[in-house]
Amino acid sequence: MDTIQSRQARGRVADAPSGHWVYRLLPRGAWPYAQLARWDRPIGWQLLLWPCWWSLAMAASAGAEPGAPIASVLPSLWLLALFLVGAVAMRGAGCTYNDLVDEDIDEAVERTRSRPLPSGQVSPRQAWAFLVAQALVGLLVLLQFNGFAILLGMASLAVVAVYPFAKRFTDWPQLFLGLAFSWGALLGWAAHHGGLSLAPFLLYCGSILWVIGYDTIYAHQDKEDDAIVGVRSTARLFGENTKPWLIGLYGTALLFFAVAFANAAVPMPALAGLVAAGAHMARQVRTLDIDDPDQCLALFKSNTVVGWLIFLGLLGGGLWAAISPYF
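Cut-offs and rules
- Residues numbered from 1 in each chain as written.
- Predicted model: local features only at pLDDT ≥ 70, side-chain atom pairs only at ≥ 80, totals over all residues.
- Heavy atoms only, no water.
- Helix = DSSP H or I, 4+ residues; strand = E, 2+ residues; numbered from the N terminus.
- Rg over C-alpha atoms; globule rule 2.2 N^0.38 Å.
- Contact = heavy atoms within 4.5 Å.
- Areas by Shrake-Rupley, 256 points an atom, 1.4 Å probe, with all protein chains shown as cover.
- Lys, Arg positive; Asp, Glu negative; His and termini not counted.
- Charge placed at Lys NZ, Arg CZ, Asp CG, Glu CD.
- Axes fitted to C-alpha atoms, helices over the stretch in contact; angles between N-to-C directions.
- Left-handed = near helix turned anticlockwise from the far one by under 90°.
- Buried < 20%, exposed > 50% of the residue type's maximum accessible area, 1.4 Å probe, protein only.
- Expected span 1.5 Å × (residues − 1).
- Polar contact = N/O pair within 3.5 Å; in protein donor to acceptor, adjacent residues only side chain to side chain.
- Phe/Tyr/Trp six-rings, centres within 6.5 Å; stacked < 30°, edge-to-face > 60°.
- Patch = residues over 30% accessible without salt bridge, like charges linked within 9 Å, V, L, I, M, F, W, Y side chains within 5 Å.
- Salt bridge = Lys/Arg side-chain N within 4 Å of Asp/Glu carboxyl O.

Participant: Please clarify how the overall build of the protein chain should be interpreted in this entry.
Facilitator: Summing up its helical and strand segments, the protein chain has 16 helices and zero strands in all. Its C-alpha atoms give the protein chain a radius of gyration of 20 Å, within 12% of the compact-globule value 20 Å for 327 residues. In the protein chain, 72% of the contacts between residues at least 6 apart in sequence involve partners at least 24 apart. Surface exposure of the protein chain reaches about 13,700 Å², of which carbon and sulfur atoms provide 68%. Side-chain charges in the protein chain split into 21 positive and 22 negative, and the spacing between the mean points of these groups amounts to 5 Å.

Take a look at the structure:
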């Protein structure tokens, strides 16, 4: 599917990959709803998922003793699956809400003009109905957790509600995105332990800085249009100083992660994942060209590799504790 969507024709949105399964498998009538939920751009739910999975893995491997049963140092597959479904549903609901709030801005920006609302493919009423449906799926997932985690999950809605408006009143909308997208760093620990401690708060702080960094790279795609329509962002704020800012954001994020691991007494091999993630972040900063929108998008998407590296490091730390007595 190579037709870019407009008021005259239904097709894919401008920044969705051509030939995506959404356009190959779903009926044409379902395309606008898949676009509202960003099913054709899965990087969003992946980045929302990683703090959840990190937190679960950190909670499971916290204080792991040598020779512990393997099942006791690995996160629950059931909880991992719940967070996966919840991330897809709530990211979709959040994007739908964001599109409803930003319809006027999206119509003025080249990259977002083809989204379902500004292109007239769905009405606001239809979008609101779809938002409610996705939110109900997210609520169903949340109700599978313990009572403390349910209340904690509901508290995140306050940050989610504010985020789409942040670009109108602050140069730091990426901070609000970080507050929302990193909430899983708290929720994963709470789902496992039924409460919170310092370690998940440290993980949350690190994740916020990571989100600000990668979303600054993403925002450089739209900085010219954003300047015209008055949308504020850290990309516009940092400008030519983006690389030094990224070094500070990513470096401090890694420091928070390392201290979180230490506070949770995660086995030392988990740090290998942080080292690998740091190398990947350094590559992002080194190669970044803030005036190349295609490269900015590619580097933004590559942050799911950071997610995998940190998660696999945590799994490896737990597994090492379980098997180390045999070496």
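Participant: It is not clear to me how the packing of helix 4 (residues 77-101) against helix 7 (residues 147-169) should be interpreted in this structure. Could you clarify?
Facilitator: The geometry of a pair of packed helices is captured by two quantities: the angle between their axes and the separation between those axes. Contact geometry of helix 4 with helix 7 gives a least axis separation of 10 Å together with a crossing angle of 40°. Remark: the crossing between helix 4 and helix 7 carries right-handed chirality. Between helix 4 and helix 7, the contacting residues are Met-90, Tyr-97, Asn-98 and Val-101 on the first element and Leu-157, Val-160, Ala-161, Tyr-163, Pro-164, Phe-165, Lys-167 and Arg-168 on the second.

Participant: In this structure, what is going on with unusual backbone geometry? I would like to understand it.
Facilitator: Trans peptide bonds make up the majority, and among non-glycine residues the majority have a negative phi. Of note, Arg-38 is a non-glycine position whose phi angle comes to about 65°, a positive value. With respect to the helices and strands, the residue Arg-38 is situated in the loop between helix 2 (31-36) and helix 3 (43-61). You can call Arg-38 buried: its relative accessible area is 5%. A positive phi angle is found at Ala-265, which is not glycine, with a value near 55°. Here Ala-265 shows up in the loop between helix 13 (242-263) and helix 14 (271-287).

Participant: How do you make sense of helix 4 when you look at a structure like this?
Facilitator: Since the α-helix turns once every 3.6 residues, residues separated by three or four places project in the same direction. End to end, helix 4 covers 36 Å across 25 residues, agreeing with the expected 36 Å (1.5 Å per residue, within 8%). By the N-cap criterion, in which a side-chain oxygen at the helix start approaches the backbone nitrogen of a residue two or three places on, helix 4 is capped by Ser-76, the distance to Trp-78 being 3.2 Å.

Participant: Hey, could you run me through the packing of aromatic side chains in this one?
Facilitator: In this description, an aromatic ring pair is defined by two values, namely the gap between the centres and the angle between the planes. For the coordinates displayed, the defined rule picks out 20 aromatic pairs. An aromatic cluster of three or more residues is present, and its members are Trp-54, Trp-210, Tyr-214, Tyr-218, Phe-257 and Phe-300.

Participant: Whenever I open this one, a nonpolar patch on the surface confuses me. Can you help?
Facilitator: Judged by side-chain polarity, Met-90, Val-132, Leu-136, Leu-139, Leu-143, Leu-151, Met-154, Leu-157 and Val-160 come together as a nonpolar surface patch covering roughly 770 Å² of accessible area. Put simply, the parts of the chain that give the nonpolar patch at least two residues each are helix 6 (124-142) and helix 7. Among the elements that take part in the nonpolar patch, helix 7 stands out by supplying four residues, more than any other. By secondary structure assignment, the location of Val-132 is in helix 6. With relative accessibility at 44%, the residue Val-132 sits in the partly exposed group.

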